[in-house]
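Read off the chains here:
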Amino acid sequence: MPLFGSAALFLQTDYARGTKDGDILETQEVAAVRERLLALAGRDSALHRRHRIYLEVVGSGIPFLPPGAEWSPRDLGLSNFDLEVLSVTDVVVTKLKRFHGDDRADVRAMVEGGHVEHARLVRRVRDVVDWFRFDARADQLPRFVANFHTVERDYFGVAETLVELPDDR
């Protein structure tokens, strides 16, 4: 199961904060077992009651995933499914679309913890802009880039990088 969001950060770094869910990206494989997965680990499941965290399936059209998103297997000794976690940099990229309070805290912690290299983040942001420029969600790219510039200025302490947006945006 492809895990992204803050739970993916928790599994790859020493970072921790309170959260209610772990985000699983809906792929064809996940869609095929969605109901069973949610019965095992979704809201109000035994796992949720025991650990106070549940899995939530997020449609693949929601996050701005960079093309060629980087996933790596994570062995947690689970008996019913295997997890793959999105790389820290790619998780940060997905958080730039919404960039609410917890997203900002997560991104700041990853930058301040040295888990994100600025040059790599620039490349991944540009990849997203290039990938989604003709997508129905292209109108969200200016805000995505503005959020990226906030990260550069406020968290990295560097000047904004030029990221070319589609002409009609």
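For clarity, every value in this text was computed on a predicted model and none was experimentally measured.

Criteria and thresholds
- Residues numbered from 1 in each chain as written.
- Predicted model: local features only at pLDDT ≥ 70, side-chain atom pairs only at ≥ 80, totals over all residues.
- Heavy atoms only, no water.
- Pairing = 2+ DSSP bridges.
- Helix = DSSP H or I, 4+ residues; strand = E, 2+ residues; numbered from the N terminus.
- Axes fitted to C-alpha atoms, helices over the stretch in contact; angles between N-to-C directions.
- Contact = heavy atoms within 4.5 Å.
- Buried < 20%, exposed > 50% of the residue type's maximum accessible area, 1.4 Å probe, protein only.
- Parallel < 35°, antiparallel > 145°, perpendicular 65-115°, else oblique.
- Left-handed = near helix turned anticlockwise from the far one by under 90°.
- Nonpolar A, V, L, I, M, F, W, Y, C, P; charged D, E, K, R; others polar.
- Core = buried A, V, L, I, M, F, W, Y, C linked by side-chain atoms within 4.5 Å.

A. Quick peek at the sheet that holds strand 1 (residues 2-4). Taken in spatial order, the five strands make up an open sheet running 3-2-1-5-4, and their pairing is mixed. Edge positions in the sheet fall to strand 3 (54-58) and strand 4 (71-74), since each has one partner strand and no second. When the angles between neighbouring strand axes are averaged without regard to direction, this sheet yields 40°. Pairing analysis gives two bridges linking strand 1 to strand 5 (residues 83-86), with the strands arranged parallel. Among the inter-strand pairings, Leu3 is bridged to a residue of strand 5, identified as Val85. Running at roughly 155° to strand 3, helix 2 (residues 28-41) makes contact with strand 1, strand 2 (21-25) and strand 3 of the sheet.

B. How the structure looks around helix 4 (residues 88-98). In terms of burial, helix 4 is a largely internal element, ten of the eleven residues being buried. Those residues of helix 4 that fall on the buried side of the exposure criterion are Val88, Thr89, Asp90, Val91, Val92, Val93, Thr94, Lys95, Leu96 and Lys97. Buried-residue contacts for helix 4 involve strand 1, helix 1 (6-12), strand 5, helix 5 (101-112), helix 6 (118-132) and helix 7 (141-156). Note on helix 4: the residue one or two positions beyond its end, Phe99, has a positive phi of about 55°.

C. Seen up close, the packing of helix 5 against helix 7. Taken N-terminus to C-terminus, the directions of helix 5 and helix 7 make an angle of 50°; their axes are 10 Å apart at the nearest point. In terms of their interaxial angle, helix 5 and helix 7 are classed as oblique. At the point where helix 5 passes helix 7, the crossing takes the right-handed sense. Where helix 5 approaches helix 7, its residues Arg104, Val107, Arg108 and Val111 are matched on the opposing element by Thr150, Val151, Asp154, Tyr155 and Phe156. Its residues placed into classes, the contact of helix 5 with helix 7 shows five nonpolar, one polar and three charged.

D. Examining the pairing of strand 5 more closely. By the bridge criterion, four bridges tie strand 4 to strand 5 in an arrangement that is antiparallel. Of the residues in strand 5, the one forming a bridge with Arg74 is Leu83.

E. Representation of the packing of helix 4 against helix 7 within the structure. Packing of helix 4 against helix 7 brings their axes to within 7 Å, and their N-to-C directions diverge by 120°. In the crossing of helix 4 with helix 7, the sense of the turn from one axis to the other is right-handed. In this structure, helix 4 contributes Val93, Leu96, Lys97 and Arg98 to the contact, and helix 7 contributes Arg143, Phe144, Asn147, Phe148 and Val151. Split by residue class, the contact of helix 4 with helix 7 holds five nonpolar, one polar and three charged.

F. Just the nonpolar core, in detail. Core analysis: the biggest nonpolar cluster contains 46 residues, and Ile24, Leu37, Leu121, Val125, Leu141, Phe144 and Val151 have the highest contact counts within it. When sequence neighbours within four positions are dropped, the list of residues in contact with Val151 reads Leu96, Phe99, Val107, Val111, Leu121 and Phe156.

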